[in-house]
Amino acid sequence: MKKTGIMLAILMLIGSFYANGQSTSSIRLNEVLVINVDNFVDAYGSRNGWIELYNNSPGTVDIRGCYITNDKNNPKKYMIPKGDVKTKVPPRQHVLFWADNNPSHGTFHLNFKLDPNKENELFFYDSDGRTLIDHVIVPAGQQPDVSYGLSLDGIGTWGILSRVTPDTNNKTLDSNEKIENFKQNDSWGVGMTLTAMTVVFLGLLILFLVFKQVGKSAIKMSRKRAEKAAGGRSGSAGINESGEVFAAIATALYEVTEDTHDLENRVLTIHKVTRNYSPWSSKIYGLRSIPSKR
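Described below are features of the structure shown in this document. The numbering scheme is per chain: residues are counted from 1 as the chain's sequence reads. Per-residue local features are limited, in this predicted model, to residues with pLDDT of at least 70; the limit for side-chain atom pairs, both in listing and counting, is 80 or more; totals at the level of whole chains, interfaces and linings are taken over all residues. To obtain the side-chain values, all non-hydrogen atoms of the structure were used and water was disregarded.

1. A short note on the pattern of salt bridges
A carboxyl oxygen of Asp or Glu within 4 Å of a side-chain nitrogen of Lys or Arg is what we treat as a salt bridge. Inspection of every chain in the model, using the stated rule, returns one salt bridge. A salt bridge links R64 to D62; its shortest N-O distance comes to 3.2 Å. For the exposure calls, accessible area comes from a 1.4 Å probe over protein chains only, and a residue counts as buried if that area is under 20% of its type's maximum, exposed if over 50%, partly exposed in between. By relative accessible area, R64 is classed as partly exposed at 44%.

Below, the structure written as structure tokens:
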């Protein structure tokens, strides 16, 4: 029973964290553009000021029924309509609202505009219209096509951004910081060369050690198999014999192999054979026989 209670408590705790991650309290006002001259256009081809929200949680958050306003005395000035699937903001993603005072154009078109001649105070309220989730004061005197936003999405400090980033990350990287640091501190590439050589040397050293160990293991296994085949007799029993014994054995083997065959003379000798009589050269076979007288 105790274990079951502990498991239920853990599940409830995890559920509470999950629910918190899914709540609208994770939504942040992220970036604001007051004067839009040559910047982003809406689906109708119009240029107006806009307000960007950011989901700072690891889960999808539905912002339907929440409120956006520029009047603290009227927290329910614009309610985000319900029933639009696009009000579900994915984790770590953005959603853009147009401050064009034309809500008939759709869910993401507010019923007020931003004033370029004075500061604009913006509020984001929960669906009860009383719980303030986030707010920001955009200073007066904003420049055309220059946005005011957080240095990092959902966190950081508010200020003028170096680049207008509607519906995307506030901080964009045009270069690799590590590479730039390497160029600054090692313009000749000496450090990179030494690093590369060290990596190669360590790789070769590791391969050498691995192959050496594998070779030793293979030799050891071969010896064990040889001992097993010899009926348990150690194959290394004769390793401690003195050098004289091996020399004597080698000499004896040499003598045995040398006595196996006689040395043969490679010079051919032809002896002339004298014959006193040869039937082939006898003249008696060439004479006619004299008939006998009777």
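2. Details of the sheet that holds strand β5 (residues 78-79)
Ordered by their spatial adjacency, four strands build an open sheet running β5-β4-β8-β9, and the pairing between neighbours is antiparallel. Every interior strand has two partners, whereas the edge strands, β5 and β9 (132-138), have only one. Two strands qualify as a pair provided DSSP detects at least 2 bridges between them. Helix and strand definitions follow DSSP, with helices as H or I runs of at least four residues and strands as E runs of at least two, each counted in order from the N terminus. Strand direction decides the pairing type here: strand β4 (residues 67-69) and strand β8 (residues 120-125), joined by three bridges, are antiparallel. Across the sheet, the residue bridging to T69 is F123, located in β8.

3. Re the environment of R92
Note on placement: R92 falls in the loop between β6 (88-89) and β7 (94-99). For R92, a relative accessible area of 41% puts it in the partly exposed group. Through-space distance from the C-alpha of R92 to that of Y54 is 6.9 Å; in sequence the pair is 38 residues apart.

4. What to know about the sheet that holds strand β1 (residues 27-33)
If you trace the five strands from one edge of the open sheet to the other, you get β7-β2-β1-β10-β11, paired in antiparallel fashion. The sheet is open, and its two borders are formed by β7 and β11 (155-160), each paired with just one other strand. On average, each strand axis in the sheet is inclined to that of its neighbour by 35 degrees, with strand direction left out of account. Sheet topology note: the strand β10 (residues 148-152)/β11 ladder contains four bridges and is antiparallel. Across the sheet, residue Y148 finds its bridge partner in β11, namely I160. Axes, fitted as lines to C-alpha atoms, cover a helix only where it is in contact. Angles between the N-to-C directions of the axes lie from 0 to 180 degrees.

5. Here's the deal with the nonpolar core
Each nonpolar core is a collection of buried residues, namely Ala, Val, Leu, Ile, Met, Phe, Trp, Tyr and Cys, held together in the definition by side-chain atoms within 4.5 Å. In this structure, L53, I63, F97 and F124 are the most contacted members of the largest nonpolar core, which totals 26 residues. Elements represented by at least two residues in this core include exactly β1, β2 (49-55), β7, β8 and β9. Beyond its immediate chain neighbours, meaning those up to four positions away, I63 contacts I27, L53, I80, T87, V89, V95, F97 and F124. Among the nonpolar cores identified, the runner-up in size contains five residues, and L33, W50, W98 and V164 belong to it. Every residue pair with non-hydrogen atoms within 4.5 Å of one another is taken to be in contact.

6. Remarks on the layout of surface pockets
Computed from the structure, the largest pocket encloses a volume of approximately 320 Å³. The pocket and cavity definitions rest on a 1 Å grid over protein atoms only: a 1.4 Å probe that fits but cannot leave marks a cavity, an open set with protein on both sides within 12 Å along at least five of seven lines marks a pocket, and residues lining either have an atom within 4 Å of a point. Forming the walls of the largest pocket are 19 residues, and the residues nearest its centre are K86, L96, W98, F108 and H109. Breaking the lining of the largest pocket down by element, the ones donating at least two residues are β6 and β7. For the lining of the largest pocket, the element with the highest residue contribution is β7, accounting for four residues. Taken together, the residues of the lining of the largest pocket sort by class into ten nonpolar, five polar and four charged. The volume enclosed by the second largest pocket comes to roughly 150 Å³. Contributing to the lining of the second largest pocket are 13 residues, with S162, R163, N170, K171 and T172 lying nearest its centre. Contributions of two or more residues to the lining of the second largest pocket are made by β10 and β11. Grid points are joined across faces, edges and corners, and a volume is the space filled by probe spheres set on the points. Residues are sorted three ways: Asp, Glu, Lys and Arg are charged, Ala, Val, Leu, Ile, Met, Phe, Trp, Tyr, Cys and Pro are nonpolar, and all the rest, Gly among them, are polar.

7. Here's the deal with the pairing of β9
As paired strands, β8 and β9 are joined by six bridges and run antiparallel to one another. When the bridges of β9 are listed, N120 appears paired with V138.

8. Description of the pairing of β7
The buried fraction of β7 amounts to six of the six residues, a majority that puts the element mostly inside the structure. Going residue by residue along β7, you find H94, L96 and W98 tucked away on one face and V95, F97 and A99 tucked away on the opposite face as well. Inspection of the sheet shows β2 paired to β7 by six bridges, in the antiparallel sense. Each residue of the ladder has a partner; that of W50, found in β7, is W98.

9. A look at the side chain of N39
As for its placement among the helices and strands, N39 is situated in the loop between β1 and β2. The exposure class of N39 is buried, given its relative accessible area of 18%. Filtering out sequence-adjacent residues up to four positions away, N39 remains in contact with L33, R47, W50, D145, V164 and P166.

Treat this as a map of the structure, not an account of what it does.
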